[in-house]
Amino acid sequence: MTALPPSDKALVPFVSVENMMKLVHHIGIEEMLRGLADYIEADFRRWDLFDKTPRVASHSAEGVIELMPTSDGEVYGFKYVNGHPKNTKSGLQTVTAFGLLADVGNGYPVLLSEMTVLTALRTAATSALVARYLAPKGADTMAMIGAGAQSEFQSLAMKALAGLKSVRLYDIDPAATEKAARNLAGMGLEVVACTSPEESMEGAQIITTCTADKQYATILTDNMVGEGVHINAIGGDCPGKTELAPGVLHRSSIFVEYPEQTRIEGEIQQLAPDHPVTELWRVMAGEAPGRTDARQITLFDSVGFAIEDFSALRYIRDHIGGTDYYLELDLLADPDDPRDLFGMLQRAGN
Ligand code: NAD
């Protein structure tokens, strides 16, 4: 980790998709997933310091566009992210994102970054970090339901952080299952391609649901889920977009990022507004228990919270120093006399 070299204050380091991919290969994906999880855990443990608000969502018939801001008082961050389940049919990503960090002291941005790849990494790192607290002891097999863009990241993070040895893939589209199986081959996991969700869950102690559909879907019905498993529910993250039958929720101990946001967007939108949930930061800070019983069903009702993106951007800021994996963007006007913005514009015309 090398600090960014001092540069012209008005030039903003920018990490493109191409450079993000180079950085991932430079660091190593599993090492980076572990590093991101460390940053996320450290920030969850100082939860009280952060400004927190449910993300600001703009819904349409086809999807959602969201802004996710937060600050720890010294650094401010936000992410722009979309969720459009039908996009893949026209060759576009379901989820794309970019984000920014700024210095609270003067308001100047200090990093602008792609966050489509980074979101997949941070979501996976969060899932695996949470599984370390909640999955049953010795869990080494995961059902991965939904084999889209996030799925390989989810699988590898569970390997890198939570001891996963075998992943059982299922997607409603066999081509997606095949794609994920191909991508994960030779990466140190046993990979089993399955033809039904039930088959994918055979022998699995961790069940990840990561599908995209803008409806109250029922990926897991009550009778599919046995005792003692950990459910990592990623795909239900919008009003009217869920993956689990209410019966599963009623049998589970539910853990969430930020209740005020999860009650709007997560699986628990299907439950009474006062249904008990545990905030994950409390578990990480040692203030609340994680799994307490081998027969308990634990559920991480993941929606993705701004602090995870802040942590991920912080990680990138701390790891691009000394590399060539960023450009300097002329994003901010920088007149010699700060009050002579107009004069700078006039001189540019000459
Ligand atoms: P994607 O479109 O690339 O993949 C989704 C996959 O789900 C597709 O392959 C599709 O065929 C499959 N699918 C749809 N219905 C299914 C069903 N009934 N059974 C099995 N498979 C089914 O999307 P993605 O980028 O992988 O994202 C997956 C979901 O995760 C999205 O809903 C997205 O909004 C959500 N997400 C959540 C977070 C978070 O922090 N919680 C972060 C990123 C993405």
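Structure's up top.
Owing to the predicted nature of the structure, the values given are computational and were not obtained by experimental measurement.

Procedures and definitions
Residues numbered from 1 in each chain as written. Predicted model: local features only at pLDDT ≥ 70, side-chain atom pairs only at ≥ 80, totals over all residues. Heavy atoms only, no water. Helix = DSSP H or I, 4+ residues; strand = E, 2+ residues; numbered from the N terminus. Rg over C-alpha atoms; globule rule 2.2 N^0.38 Å. Buried < 20%, exposed > 50% of the residue type's maximum accessible area, 1.4 Å probe, protein only. Contact = heavy atoms within 4.5 Å. Areas by Shrake-Rupley, 256 points an atom, 1.4 Å probe, with all protein chains shown as cover. Lys, Arg positive; Asp, Glu negative; His and termini not counted. Charge placed at Lys NZ, Arg CZ, Asp CG, Glu CD. Near = heavy atom within 4 Å. Polar contact = N/O pair within 3.5 Å; in protein donor to acceptor, adjacent residues only side chain to side chain. Phe/Tyr/Trp six-rings, centres within 6.5 Å; stacked < 30°, edge-to-face > 60°. Salt bridge = Lys/Arg side-chain N within 4 Å of Asp/Glu carboxyl O. Axes fitted to C-alpha atoms, helices over the stretch in contact; angles between N-to-C directions. Parallel < 35°, antiparallel > 145°, perpendicular 65-115°, else oblique. Pairing = 2+ DSSP bridges. Disulfide = S-S within 2.5 Å.

K.L.:
How would you summarise the overall build of the protein if you had to cite specific residues and measurements?
P.N.:
Regarding its fold elements, the protein presents eleven helices and 17 strands. Its C-alpha radius of gyration of 21 Å places the protein within 12% of the 20 Å reference for a compact globule of 350 residues. The C-alpha extent of the protein, read off along each of the three principal axes, is 75 × 45 × 40 Å. When burial is assessed residue by residue, the protein has 54% of its 350 residues classed as buried. Considering only contacts in the protein between residues 6 or more positions apart, those separated by 24 or more positions represent 72%. Within the structure as shown, the protein displays about 15400 Å² of accessible surface, and the carbon and sulfur contribution to it stands at 54%. In the protein, which carries 29 positive and 48 negative side-chain charges, the distance between the mean positions of the two groups comes to 3 Å.

K.L.:
Describe the site of the ligand, with residues and values.
P.N.:
What surrounds the ligand is a group of 25 residues, the closest being Thr-94, Asp-171, Asp-237, Lys-241 and Ser-302. Ala-149 is positioned with one of its backbone polar atoms (N or O) 2.9 Å from an oxygen atom of the ligand. Within the side chain of Asp-171, one N or O atom sits 2.6 Å away from an oxygen atom of the ligand. In isolation the ligand exposes 860 Å². Once the protein is present, 87% of that is buried.

K.L.:
Tell me what's going on with the environment of Thr-211, and back it up with residues and numbers.
P.N.:
With respect to the element layout, Thr-211 can be found in the loop between strand S10 (206-209) and strand S11 (216-220). In sequence terms Thr-211 and Ala-149 are 62 residues apart; their C-alpha atoms lie 9.8 Å from each other. Beyond its immediate sequence surroundings of up to four residues, Thr-211 is in contact with Ile-145, Gly-146, Ile-219, Gly-235 and Glu-243. A polar atom in the side chain of Thr-211 sits 2.6 Å from the side chain of Glu-243.

K.L.:
Pulling in residues and values, what's your account of the packing of aromatic side chains?
P.N.:
Summed over all chains, the structure comprises seven aromatic pairs. Note on Trp-47 and Trp-281: the rings are 6.2 Å apart at their centroids and 5 degrees apart in plane angle, and the pair reads as stacked. With Trp-47 in the loop between helix H2 (29-44) and strand S2 (56-59) and Trp-281 in helix H9 (residues 280-284), this residue pair connects regions lying 234 residues apart in the sequence.

K.L.:
Residue-level account of the pattern of salt bridges, with values.
P.N.:
In total, this model carries 22 salt bridges according to the counting rule given. Measuring nitrogen to oxygen at the nearest pair gives 3.3 Å for the salt bridge that ties Glu-66 to Arg-55. With Glu-66 in strand S3 (residues 64-71) and Arg-55 in the loop between H2 and S2, this pair connects stretches of sequence that are eleven residues apart. Glu-66 sits in the buried class, given a relative accessible area of 5%. Judged by its relative accessible area of 10%, Arg-55 is buried.

K.L.:
So what about the packing of helix H1 (residues 17-27) against helix H10 (residues 306-320)? Which residues, and what values?
P.N.:
Taken N-terminus to C-terminus, the directions of H1 and H10 make an angle of 75 degrees; their axes are 12 Å apart at the nearest point. Taken as axis vectors, H1 and H10 run roughly perpendicular relative to one another. Listed contacts from H10 to Met-20, Leu-23 and Ile-27 of H1 are Tyr-315, Ile-316, His-319 and Ile-320.

K.L.:
A description of the sheet that holds strand S8 (residues 166-170) should follow, citing residues and the corresponding values.
P.N.:
In space, the eight strands of this open sheet follow the order S9-S8-S7-S10-S12-S16-S14-S15, with parallel pairing throughout. Sheet topology places strand S9 (190-193) and strand S15 (278-279) at the edges, where each strand pairs with a single neighbour. Taken together, the four bridges between S10 and strand S12 (residues 230-233) define a ladder with parallel strand orientation. Considered in S12, the bridge of Thr-208 is made with Asn-232. Its contacts with the sheet place helix H4 (residues 151-162) against strand S7 (141-145), S8, S10 and S12, and it is angled at close to 170 degrees to S7. Relative to the sheet, helix H5 (residues 174-184) contacts S8 and S9, its axis offset from that of S8 by approximately 155 degrees.

K.L.:
Mind laying out the sheet that holds strand S6 (residues 109-114), listing which residues take part and the relevant values?
P.N.:
One open sheet holds the seven strands; their spatial order is S2-S3-S4-S5-S6-S1-S17, and the pairing between them is mixed. The open sheet has two edge strands with one neighbour each: S2 and strand S17 (327-330). Going from strand to strand, the sheet's axes swing by 20 degrees on average, the running direction of each strand aside. Pairing of S2 with S3, which is carried by four bridges, proceeds in the antiparallel orientation. By the bridge assignment for S3, Ser-58 is matched with Ile-65. Strand contacts of H10: strand S1 (11-15), S3, strand S4 (75-83), strand S5 (97-103) and S6, with the helix running at about 70 degrees to S3, the strand carrying the most contacts.

K.L.:
Could you give an account of the state of the cysteines, naming the residues involved and the relevant values?
P.N.:
As enumerated under the stated definition, the model contains zero disulfides in all. With no disulfide of its own, Cys-210 lies closest to Cys-238 among cysteine sulfurs, the gap being 14 Å.

By themselves, these figures tell us nothing about what the structure is for.
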